[in-house]
Amino acid sequence: MPLEHITFAPEGEKSPYSDLVILDNRELHLSGLIAMDLDTEELRYGTVTEETRLILNNLSTLLERHGSDMDHVVRATVLLSDFSERDEMNAEYVRHFHPRRLPARLCFGNVGLHGKCKVEIAVTAVKR
């Protein structure tokens with residue numbers, strides 16, 4: 001069962017986790033993503049809809065880079081700083097998945113997230 005551990009942080013920066021772990025060159029386990037510009041690594045605080053859109057667009061980009069796509073996401077975990085914003089998040093969330101290929105999901109609310117982030121999403125996907 002070979003494992004590949006990938007960190008997206010610039011060289012020299014350390015984090016206490018891997019951003020992506022690839023199992024058997026087939027399963028992709030991505031750590032939680034927050035609303036961050038992938039190029040500049042700047043946080044992009046916004047509405048729960050805006051943050052969800054940016055996170056899922058980033059997720060799509062990262063999956064493509066590693067041989068997968070949104071149709072191959074099998075599980076998602078969504079964390080919300082304010083659970084009352086779940087319906088707004090869901091409205092944007094479903095736009096990023098085929099309606100017949102929605103991943104299994106857990107959604108937690110009223111949790112402390114980094115800075116002023118409203119949403120964090122972690123996923124497991126398989127390669128195409």
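Mind showing me how you'd approach the side chain of K127 here?
Here K127 lies in the segment after β6 (119-126). At 5.9 Å, E4 is the nearest oppositely charged side chain to K127, a buried residue that forms no salt bridge. Among the polar contacts listed, one links the side chain of K127 to the side chain of N25, at a separation of 2.7 Å. Excluding residues that lie within four positions of it along the chain, K127 makes contacts with I22, N25, R26, L28, H66, G67, S68 and H72.

Even after reading the chapter, I still don't get the pairing of β6, so can you show me in this structure?
Each regular strand displays side chains that alternate between the two surfaces of the sheet. Most of β6 is tucked away: 6 of the 8 residues are buried. As paired elements, strand β3 (residues 27-33) and β6 share 5 bridges and run antiparallel to each other. Within β6, the position partnered with L28 by the bridge is A125. When strand β4 (residues 73-80) meets β6, the two strands line up antiparallel, connected through 7 bridges. Counted as the bridge partner of L79 is E120 from β6.

Sorry if this is basic, but what is going on with the pattern of salt bridges here?
Side chains bearing opposite charge may pair, as long as their charged atoms lie close to each other. Inspection of every chain in the model, using the stated rule, returns 7 salt bridges. D37 is paired through a salt bridge with R44; the nearest N and O atoms lie 3.5 Å apart. Across the pair R44 and E42 runs a salt bridge whose closest N-O atoms are separated by 3.9 Å. When its relative accessible area of 42% is taken as the criterion, E42 is described as partly exposed. Here the salt bridges do not stand alone but share partners, grouping D37, E42 and R44 into one network.

What exactly am I supposed to notice about the layout of surface pockets here?
Sizing a probe to match a water molecule and rolling it over the atoms shows the empty space that remains. Its boundaries defined by the atoms lining it, the largest pocket holds a volume of some 610 Å³. Lining the largest pocket we find 22 residues, and of these F8, Y17, D19, L33 and M36 sit closest to its centre. Residue assignment for the lining of the largest pocket shows that the elements contributing at least two residues are β3 and α1 (48-65). Residues that form the lining of the largest pocket fall into these classes: 10 nonpolar, 5 polar and 7 charged.

Would you mind showing me how to read the packing of aromatic side chains here?
In this description, a pair of aromatic rings is defined by centroid distance and the angle of the planes. The full count for this structure, using the stated rule, is 1 aromatic pair. Ring geometry for Y93 and F97: centres 4.9 Å apart, planes at 40°, overall tilted.

Please clarify how unusual backbone geometry should be interpreted in this entry.
Even without being a glycine, E41 presents a positive backbone phi close to 60°. With respect to the element layout, E41 can be found in the loop between β3 and α1. Look at N110: it is not a glycine, yet its phi comes out positive at around 60°. By the secondary structure assignment, N110 is in the loop between β5 (104-108) and β6.

Rules of the game
- Residues numbered from 1 in each chain as written.
- Predicted model: local features only at pLDDT ≥ 70, side-chain atom pairs only at ≥ 80, totals over all residues.
- Heavy atoms only, no water.
- Helix = DSSP H or I, 4+ residues; strand = E, 2+ residues; numbered from the N terminus.
- Buried < 20%, exposed > 50% of the residue type's maximum accessible area, 1.4 Å probe, protein only.
- Lys, Arg positive; Asp, Glu negative; His and termini not counted.
- Salt bridge = Lys/Arg side-chain N within 4 Å of Asp/Glu carboxyl O.
- Polar contact = N/O pair within 3.5 Å; in protein donor to acceptor, adjacent residues only side chain to side chain.
- Contact = heavy atoms within 4.5 Å.
- Pairing = 2+ DSSP bridges.
- 1 Å grid on protein atoms, 1.4 Å probe; cavity = no way out; pocket = protein on both sides within 12 Å on 5 of 7 lines; lining within 4 Å.
- Points joined across faces, edges and corners; volume = space filled by probe spheres on them.
- Nonpolar A, V, L, I, M, F, W, Y, C, P; charged D, E, K, R; others polar.
- Phe/Tyr/Trp six-rings, centres within 6.5 Å; stacked < 30°, edge-to-face > 60°.

Keep in mind these values describe shape, not function.
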